[in-house]
Structure formats: structure tokens, C-alpha cells
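# Commentary on secondary and tertiary structure
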Amino acid sequence: MITRRHLLEAAGAGAAAAATGMRFATVARAESAASRLTPGVPAGVASYVQMGRLPGKRPLIQLADRPPNYETPIEYLRTPITPNDAFFVRYHLSDIPEVKAETYRLAVGGEGANSALELSLEDLKKMPAVEVVAVNQCSGNRRGLSKPHVAGVEWGYGAMGCARWKGARLKDILDKVGLKKEAIEIAFNGADGPAVDKTPDFIKSIPVWKAMDENTIVAYEMNGEPLPHFNGFPARVIVPGWTGTYWMKHVISINALTRPQGGFWMNPAYRIPVGKFPIRDRFITQENATSTPITEMVVNSLITSHRDGDKVKVGKVVVSGLAWDGGYGIRSVDVSTDGGRSWTAAILGPDLGRFAFRPWHFEFTARRGRNTLTVNATNKIGQTQTSELIFNPAGYHNNVMQSITLTA
Ligand SMILES: Nc1nc2c(c(=O)[nH]1)N[C@H]1C(S)=C(S)[C@@H](COP(=O)(O)O)O[C@H]1N2
Ligand SMILES: [Mo]
């Protein structure tokens with residue numbers, strides 16, 4: 001609960017931060033943040049986590065402050081569209097400039113393009129506009145649940161959100177400069193940079209075929225509003241189906257490449273072992289014998305109506321949540337109340353498109369004592385979640401079926 005005192009404190013801290021030139025401030029409410037942590041994240045996380053307040057955002061679970069890494073509490077994931085002010089925030093670099101709409105320029109070119117040009121925000125908005133509802137999920141969502149634990153931001157369930165994105169097709173932007181037939185990848189850079197540390201600049205590329213997909217866009221609107229600063233104002237890349245790492249925020253350059261993009265963030269970061277996950281979309285120009293870039297999200301689901309350990313009344317209980325995948329679409333969500341011996345189909349809610357969160361709900365009769373529910377989503381190509389963690393050193397692609405126990 002946010003009390004008036006907390007709001008005043010937040011306002012005061014904000015003013016102090018503004019005075020000292022800091023861009024954001026946090027409200028120390030350690031207990032309430034710890035109570036929102038996903039069960040299973042390393043015990044040490046509780047000692048540093050707090051409900052942090054970035055300008056324009058509700059209090060979110062602050063796992064790091066510089067660079068800002070803020071997770072969405074599951075309460076805000078009860079709708080298939082995540083509100084902008086509750087949407088998670090993930091950065092690798094601490095120097096995040098406030099990009100001005102008027103002076104913003106997007107440079108498009110590269111050695112794989114026939115020409116080069118610069119687009120203003122107005123230019124982008126004059127292009128044919130498209131909308132796509134798509135899940136943005138960090139590759140490392142649920143990393144904190146890895147056993148054994150692995151290094152990195154110890155995300156619980158909330159390093160994800162779903163929004164209606166509006167913008168220009170990347171394909172239309174690339175058509176303006178024309179791609180050479182030698183072009184193999186399209187690379188993005190954002191306006192953010194390393195502060196004083198030696199972190200390499202965050203540059204990401206995707207294969208040309210994914211860049212030319214009609215669903216891949218450069219978005220300037222999120223749920224009918226300009227992008228929030230911390231989600232990439234004034235424009236960001238949207239790569240529906242693929243994990244958030246490619247969704248470049250504050251994108252200021254788009255380059256067509258004739259050779260694979262190098263750099264830390266392409267290799268060794270954001271890679272998965274070859275052959276370990278049931279992945280269809282391959283990023284061949286970046287693949288080597290042992291590792292390949294992470295691409296599409298694996299099928300997954302989350303209970304958002306209840307937390308593990310919640311108390312319920314004996315009798316009818318409605319449990320609800322979300323399911324999503326890499327863009328094949330959700331076929332079914334099944335729930336087991338007997339430890340996986342039998343499964344019952346949940347009722348699916350509105351379909352906002354194959355890249356969107358699919359809401360579901362399930363009614364069951366709670367008996368006195370402990371009631372354990374396990375959820376498993378299946379997508380339209382028949383892929384399901386795993387019961388055992390597919391361990392990988394970066395903690396990516398965790399889609400272990402979630403179980404919660406409700407006590408009646
Ligand atoms: N400019 C910029 N864009 C970025 C990143 C970043 O560090 N800098 N991180 C990426 C990663 S890893 C993720 S998961 C998403 C998170 O998007 P969000 O902060 O809007 O939730 O942004 C992506 N785009
Ligand atoms: Mo990410």
C-alpha cells in the first residue's frame with residue numbers, strides 16, 4: 001500500500017534528486033519489496049531490493065539502480081496489456097540521456113545499404129503506421145529462479161510486459177535506403193552509453209529476414225501514448241516474438257551490415273547453447289559450434305491472480321494468469337491440482353494477436369488445507385513448457401511450469 005507519507009517522501013526525494021542532477025530517486029521500503037519477490041530467487045536479493053520509483057512510473061521492484069533494472073510486480077500483470085507506468089525497465093548502460101523529440105534523428109545506412117539518410121520523429125510518423133500487440137520479455141526473466149543460481153540481474157517473474165506498439169515498419173525504413181544483396185544483418189544502436197565504467201556500448205543486430213518481417217517496427221507509441229522515457233522515448237525497435245534484447249530503446253542508428261555484428265552484447269552475451277532449446281528461428285550468421293544468439297521466446301505462462309502461499313476460502317476459487325510464446329500463438333493452458341497426474345483446460349480470454357499475452361482463468365474447488373496448482377501452456381505448434389529447468393549459464397529461457405500452493 002502506498003501511503004500519503006510515502007508519496008510525499010517520494011516527491012521530496014525526487015526534488016532533491018533533481019537539485020543534485022540525479023535523474024531518478026528511490027523510496028526505501030525494503031520490507032514491502034521483499035514481500036513481492038518471486039519465491040525461489042536468491043535469499044540475498046531481499047537485502048538490497050526495494051520498491052523504487054522512477055519518474056513516470058509506479059513503484060516497481062528495483063533490482064539495480066545504475067543501470068536501472070526494475071521489475072513489474074505480478075499485480076500489474078493481471079491484464080493482457082501492461083500499463084505504461086508499470087512496465088518493467090531494463091538497461092545495461094547508466095548514461096541514459098533525455099532524448100528530445102524535436103532534435104531526435106535516426107541515422108539509417110551502413111555498408112550493406114545503397115544509400116544513407118536521417119529521419120526525424122516527424123518523418124517516422126509520416127510513414128505508413130502499423131500497430132502490433134507484443135510481449136517484451138527479457139531473456140533473463142526468471143533468472144533468479146535458476147538452480148544453481150547464475151550471475152546477472154536476479155529477475156523473478158516480472159521482467160516482461162505486453163503493449164500495443166505503433167510505429168513504422170522497419171522494412172519500409174530499410175526500403176528508403178535500399179539493401180544490397182550482400183546485407184546479412186541489421187544493427188541498432190541507442191542513445192544511451194556507458195557512464196564512467198568500461199561497459200561496452202550496447203549494439204544489437206538481427207538477421208535481415210527478421211528485420212524485413214512486416215511485424216518488426218520502429219515504434220513511437222506504446223498503448224496510445226508516446227513511449228515513456230525509460231521504455232525508449234522517442235522511438236524503439238519492436239521485434240515481436242523475440243526476447244527484449246533486440247528491442248533497442250532510444251534507437252539512433254540502423255545499419256545494414258555485410259559482416260556479422262561483433263561486440264560483447266552479441267557474443268558472449270545473449271547466447272544459448274546450440275541444440276538445447278526447441279527454437280525454430282535461427283540466427284545463422286552469428287551461430288558457432290557451441291552457441292547461438294537467443295531468438296524467439298519459449299512458450300510460457302504465469303499465475304497472476306495469486307502468489308504462492310496465499311490464503312483462500314474453502315470452495316470455489318478462480319485462478320487466472322497469462323500465457324505467451326514466440327509468436328505461434330497459444331493453443332491451450334492446462335492446470336493440474338494433483339501434481340501433474342491429471343490436467344484440465346483453463347478458459348482462454350481475448351486473443352489480442354499471436355505475439356500478445358493470452359489471458360486465461362481456471363475455477364477449482366479448494367479443499368481445507370494445502371491446494372497445489374501447476375500450469376502448463378501449449379502453443380499452436382504443439383510446444384509445451386518444461387517440468388525440469390533447462391540449465392544454461394546465463395539463466396535464459398526459463399519456462400519451467402509454475403506451481404503455487406494456496407492454503408484454504
Ligand atoms: N538502448 C537500449 N535499449 C535496450 C536495452 C539497453 O540496455 N539499452 N536493453 C534491452 C533489453 S536486454 C531488454 S530486456 C529491453 C527491455 O525493455 P524495457 O526497458 O522497455 O522494458 O530493452 C532492450 N533495449
Ligand atoms: Mo533483456
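Calculation notes
Residues numbered from 1 in each chain as written. Chains lettered and ligands numbered in written order. Predicted model: local features only at pLDDT ≥ 70, side-chain atom pairs only at ≥ 80, totals over all residues. Heavy atoms only, no water. Helix = DSSP H or I, 4+ residues; strand = E, 2+ residues; numbered from the N terminus. Rg over C-alpha atoms; globule rule 2.2 N^0.38 Å. Buried < 20%, exposed > 50% of the residue type's maximum accessible area, 1.4 Å probe, protein only. Contact = heavy atoms within 4.5 Å. Areas by Shrake-Rupley, 256 points an atom, 1.4 Å probe, with all protein chains shown as cover. Lys, Arg positive; Asp, Glu negative; His and termini not counted. Charge placed at Lys NZ, Arg CZ, Asp CG, Glu CD. Pairing = 2+ DSSP bridges. Core = buried A, V, L, I, M, F, W, Y, C linked by side-chain atoms within 4.5 Å. Phe/Tyr/Trp six-rings, centres within 6.5 Å; stacked < 30°, edge-to-face > 60°. Lys NZ or Arg CZ within 6 Å of the ring centre and 35° of its normal. Polar contact = N/O pair within 3.5 Å; in protein donor to acceptor, adjacent residues only side chain to side chain. Near = heavy atom within 4 Å. 1 Å grid on protein atoms, 1.4 Å probe; cavity = no way out; pocket = protein on both sides within 12 Å on 5 of 7 lines; lining within 4 Å. Sits in = over half its atoms within 2 Å of the grid points. Nonpolar A, V, L, I, M, F, W, Y, C, P; charged D, E, K, R; others polar. Domains from an automatic or database assignment. Points joined across faces, edges and corners; volume = space filled by probe spheres on them.

Attention now moves to the overall build of the protein. Scanning the protein for helices and strands turns up six helices and 25 strands. In terms of overall size, the protein behaves like a compact globule, its C-alpha atoms giving a radius of gyration of 21 Å where 408 residues would be expected to give roughly 22 Å. With respect to the principal axes defined by its C-alpha atoms, the protein has extents near 70 × 55 × 40 Å. Counting the 408 residues in the protein, one finds 55% classified as buried. Long-range pairs, those at least 24 residues apart, make up 69% of the contacts in the protein with a sequence separation of at least 6. Accessible area of the protein: about 16,900 Å², with a carbon and sulfur share of 54%. Looking at the protein, you have 47 positive and 37 negative side-chain charges, and the mean spots of the two groups are 5 Å apart.

Before going further, it helps to examine the pairing of strand E24 (residues 370–379). Among the 10 residues in E24, eight count as buried, and that is most of the element. Bridge count between E24 and strand E25 (residues 403–407): five bridges; the pairing is antiparallel. Across the sheet, Arg370 pairs through a bridge with Thr407, a residue of E25.

Spatially, four strands are ordered E18-E19-E23-E22 in an open sheet, and the strand pairing comes out antiparallel. The open sheet has two free edges, formed respectively by strand E18 (300–303) and strand E22 (347–348), since each of these has just one partner strand. When E22 meets strand E23 (residues 358–366), the two strands line up antiparallel, connected through two bridges. Note that in E23 the partner of Leu348 across the bridge is Trp360.

Our next topic: the nonpolar core. With 83 residues, the main nonpolar core has Leu106, Leu124, Trp165, Phe188, Val218, Val251 and Ile254 as its most contacted residues. Residues Val317, Val319, Ala346 and Ala377 belong to the second largest nonpolar core, which totals 19 residues.

Let's shift gears to the packing of aromatic side chains. Tallied over the full model, the rule gives 12 aromatic pairs. Ring centres of Trp242 and Tyr246 lie 5.3 Å apart, and the angle between their planes is 65 degrees; this geometry places the pair in the edge-to-face category. The same class applies to Trp242 as to Tyr246, namely buried. Taken together, Phe87, Phe88, Trp155, Trp165 and Trp247 form an aromatic cluster joined through their ring pairs. In this structure, Arg58 packs its charged tip against the face of Tyr76, placed 4.6 Å from the ring centre. The ring of Tyr91 carries Lys249 above its face, with NZ or CZ at 3.5 Å from the centroid.

In this section: the side chain of His92. Checked against the element boundaries, His92 lands in the loop between strand E5 (89–90) and strand E6 (105–109). One polar contact links His92 to Tyr270, side chain to side chain, over a distance of 2.8 Å. Once residues lying within four places of it in the same chain are set aside, the contact partners of His92 are Pro67, Thr199, Phe202, Trp265 and Tyr270.

Another aspect to go through is the pairing of strand E2 (residues 50–53). Within a regular strand, side chains alternate between the sheet's two faces. Relative to strand E3 (residues 60–64), E2 runs antiparallel, the two being bridged by three bridges. Bridging across to E3, Gln50 finds its partner in Gln62. Hairpin connection, E2 to E3: the antiparallel pair is bridged by six residues, and Gly56 has positive phi, about 80 degrees.

Attention shifts here to the site of ligand 1. Around ligand 1 sit 19 residues, and of these Phe88, Asp192, Asn231, Arg236 and Lys249 come closest. Here an oxygen atom of ligand 1 and a backbone polar atom of Arg90 are 2.9 Å apart. Between Asp192 and ligand 1, the recorded distance is 2.7 Å, taken from a side-chain N or O atom to a nitrogen atom. In isolation ligand 1 has 540 Å² of accessible area, and contact with the protein removes 100% of it. Taken atom by atom, the bulk of ligand 1 overlaps the largest cavity. The class makeup of the residues in the shell around ligand 1 is 10 nonpolar, five polar and four charged. Counting residues domain by domain, the shell around ligand 1 receives three or more from each of domain 1 (4–89) and domain 2 (101–293).

Attention now moves to the sheet that holds E24. Taken in spatial order, the four strands of this open sheet run E21-E20-E24-E25, and their pairing is antiparallel. Each edge of the open sheet is held by one strand with a lone partner, namely strand E21 (344–345) and E25.

The omega torsion of the bond from Lys147 to Pro148 falls at -5 degrees, within 30 degrees of zero and hence cis. By secondary structure assignment, the location of Pro148 is in the loop between strand E8 (129–137) and strand E9 (160–169). Cis geometry marks the peptide bond from Phe233 to Pro234; its omega dihedral reads 0 degrees. Positionally, Pro234 belongs in the loop between strand E13 (225–226) and strand E14 (236–238). Its identity as a non-glycine residue notwithstanding, His250 has a phi of 45 degrees, on the positive side. Here His250 is to be found in the loop between E14 and strand E15 (251–257).

This paragraph deals with the layout of surface pockets. The space that makes up the largest pocket amounts to roughly 380 Å³. Around the largest pocket sit 26 residues that line it, and Thr38, Pro39, Leu145, Tyr157 and Gln402 are the ones nearest its centre. Here the residues of the lining of the largest pocket sort into 12 nonpolar, eight polar and six charged. Quantified by volume, the second largest pocket comes out at close to 320 Å³. Along the wall of the second largest pocket there are 19 residues; nearest its centre are Arg143, Ala269, Tyr270, Ala394 and Tyr396. Counting contributing residues, the lining of the second largest pocket receives three or more from each of domain 2 (101–293) and domain 3 (300–407).

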